[in-house]
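So the chains spell out like this:
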Amino acid sequence: MPDHLPRRQVLRTAGALGLGAAAAGALSTTANASTEAAGTPDKLATMGAHHGKLEIRKDPFGTTPDGQKVDVYTFTNGRVTISMLTWGATIQRVETPDRRGKTTNISLGFDNLPDYAALSPYFGATIGRYGNRIAKGKFTLDGTTYQIPVNNGENALHGGTLGFDKKVWKAKVVQSDKAVGVAFTYVSPDGEMGFPGELTSTVTYTLDKRDDLRIDYHATVAGKATIVNLTNHVYFNLLGEGNGTIYDHVLELNAPKYTPVDATLIPTGEIAPVAGTPFDFSRPTAIGKRLRGDHQQLIFGRGYDHNFVLGGQPDSNGLRLAGRFWEPEHGRTIEVLTDQPGVQFYSGNFLDGTFLGIGNKAYRQGDAFAFETQHFPDSPNHANFPSTVLRPGETYKSTTIYSFGTK
């Protein structure tokens, strides 16, 4: 669910973010210099010489115009390597081997801070306070109506104009004999982006020896009740980022139903069966097989950009399968487990090649997919959807696992 801007609009967007042309230029210079020192393949190659050895390192990535330092944490088990930024608690890189052992970065991202700040495509970002869309940016809670800044047509997307993806999070290394990663924490003050209550969120990303990337979300609110829907917006291409489309990727989706949308991509409130529609991935099916059909929902989304209602019973840990992806040519797979009731499957419909990602590669339509575990879009405005209300004294907890493999 993108809201990106072409490179030619960077300075205009930087101004909207309060950066200004001079500050944006300074940000670019600082970030590029830091990135050259931190994120080079040579330094990454020094880590993870043996599968099963858990390692982590921290390097500088850049500095924001107001002087906040942004770091990149790189952690590995010797087979899979993850790089994450304190900017937006963002997954920058995910390096995994194919069936022949060749390792490639399979996630979309940038190699510098100004592109993350200005282009805003949500690549790999931790999304909050409310992931997905809220109709016209409005919701009513306990008799009070709140207005979130709209930033996606007439709707609010991913927390408004300055969501959690544009904040610098505090970071703490988490390491045991079984897993390694980073716990990111951000405190959102009462009234930020129009949301009530002071929300403290901690999102912990850990990689274990089985090639599982686990995301544990935790949040509490003080003062007033609020709404919360945290997720991550990593974009994957199992061929390697910038190496072609995901149309031949095979998807098996554990979802007997989905939530149809209107022309602005807001759910109508209906929970509809996928059977007999292009949204039925109950059997492994190539993503591109029905993508260009004339189904009205595909026309509204320019492809898949819909919330799916997950089926099946959770396991003893409260998790259930959300979906499996497989890229036949090189054999990479991703299996996603979650305790959330839904998942937004997005087929990269709005990527248009107007900016360059890591490796100076242009990202075009269909060059990646996002698979965002979540509560349903616009839930505060639909009484029949699972509630996203969090009250003082309650704790928001959620877990999602991305399991990487080959076949």
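- Under an unreviewed UniProt entry, the name given to the protein is Aldose 1-epimerase, and the organism recorded is Kribbella speibonae.
- Its UniProt record, at the heading Sequence similarities (unreviewed entry), says of the protein: "Belongs to the aldose epimerase family."

**Describing the sheet that holds strand S22 (residues 305-309)**
Okay, so step 1: Strand order in the open sheet formed by 6 strands is S17-S26-S25-S22-S19-S20, and the pairing between neighbours is antiparallel. Two strands close off the open sheet at either side, each with one partner strand: strand S17 (235-236) and strand S20 (272-273).
Okay, so step 2: Here strand S19 (residues 257-259) pairs with S22 via 3 bridges, running antiparallel. Bridging across to S22, Thr 259 finds its partner in Asn 307.

**Considerations on the packing of aromatic side chains**
Okay, so step 1: This structure, assessed with the given rule, holds 30 aromatic pairs.
Okay, so step 2: Ring geometry for Phe 123 against Tyr 235: centres 4.8 Å apart, planes inclined by 80 degrees, an arrangement best described as edge-to-face. Here Phe 123 is found in the loop between helix H4 (113-119) and strand S6 (126-127), whereas its partner Tyr 235 is found in strand S17, with 112 residues between them in sequence. Side by side, Phe 123 and Tyr 235 carry an identical accessibility label, which is buried.
Okay, so step 3: The rings of Phe 236, Tyr 258, Phe 279, Phe 281, Tyr 304, Phe 308, Phe 325, Phe 345, Phe 369, Phe 371, Tyr 402 and Phe 404 are connected pair by pair, giving a single aromatic cluster.
Okay, so step 4: Residue placement shows Arg 290 over the ring face of Phe 281; its charged tip is 4.9 Å from the ring centre.
Okay, so step 5: The lysine or arginine in question, Lys 407, covers the ring of Trp 326, its NZ or CZ lying 4.3 Å from the ring centre.

**Description of the confidence of the model for the protein**
Okay, so step 1: On average, residues of the protein carry a pLDDT of 90, and 87% of them reach 70 or more.
Okay, so step 2: Scored below 50 in pLDDT, residues 2-42 shows 77 contacts in the model against residues more than four places distant or in partner chains.

**Description of the pairing of strand S8 (residues 138-141)**
Okay, so step 1: Burial along S8 is one-sided: Phe 139 and Leu 141 are buried, while Lys 138 and Thr 140, pointing the other way, are not.
Okay, so step 2: Counting the residues in the hairpin turn of S8 and strand S9 (residues 144-147) gives 2 residues, including Asp 142, whose phi is positive at 55 degrees.

**Considerations on the environment of Lys 361**
Okay, so step 1: Mapped onto the elements, Lys 361 comes out in the loop between strand S25 (342-346) and strand S26 (369-374).
Okay, so step 2: Spatially, the C-alpha atom of Lys 361 lies 5.5 Å from that of Gly 242, the residues being 119 residues apart in sequence.
Okay, so step 3: Residue contacts for Lys 361: discarding those within four places in its chain leaves Glu 241, Gly 242, Asn 243, Phe 355 and Leu 356.
Okay, so step 4: There is a polar contact of 3.3 Å between the side chain of Lys 361 and the backbone oxygen of Glu 241.
Okay, so step 5: Reaching out from Lys 361, the side chain makes a polar contact with the side chain of Asn 243 at a distance of 3.1 Å.

**Quick notes on the pattern of salt bridges**
Okay, so step 1: Under the criterion given, the structure shown has 14 salt bridges.
Okay, so step 2: With its nearest N and O atoms 2.9 Å apart, the salt bridge here joins Arg 79 to Asp 211. Of this pair, Arg 79 sits in the loop between strand S2 (69-76) and strand S3 (81-85) while Asp 211 sits in the loop between strand S13 (198-208) and strand S14 (212-222); the two residues are 132 residues apart in sequence, bridging distant segments of the chain.
Okay, so step 3: Glu 192 serves as the salt-bridge partner of Lys 167, at 3.2 Å between the closest nitrogen and oxygen. Taken together, the positions of Lys 167 in the loop between strand S10 (156-157) and strand S11 (170-175) and Glu 192 in the loop between strand S12 (179-188) and S13 put the pair 25 residues apart, joining distant regions of the chain. Both residues of the pair, Lys 167 and Glu 192, count as buried.
Okay, so step 4: Each member of the salt-bridge network shares a partner with another, and the members are Asp 208, Arg 210 and Asp 212.

Conventions and cut-offs
Residues numbered from 1 in each chain as written. Predicted model: local features only at pLDDT ≥ 70, side-chain atom pairs only at ≥ 80, totals over all residues. Heavy atoms only, no water. UniProt positions renumbered as here; feature names shortened; annotations may be inferred. Pairing = 2+ DSSP bridges. Helix = DSSP H or I, 4+ residues; strand = E, 2+ residues; numbered from the N terminus. Phe/Tyr/Trp six-rings, centres within 6.5 Å; stacked < 30°, edge-to-face > 60°. Buried < 20%, exposed > 50% of the residue type's maximum accessible area, 1.4 Å probe, protein only. Lys NZ or Arg CZ within 6 Å of the ring centre and 35° of its normal. pLDDT = per-residue confidence, 0-100. Contact = heavy atoms within 4.5 Å. Polar contact = N/O pair within 3.5 Å; in protein donor to acceptor, adjacent residues only side chain to side chain. Salt bridge = Lys/Arg side-chain N within 4 Å of Asp/Glu carboxyl O.

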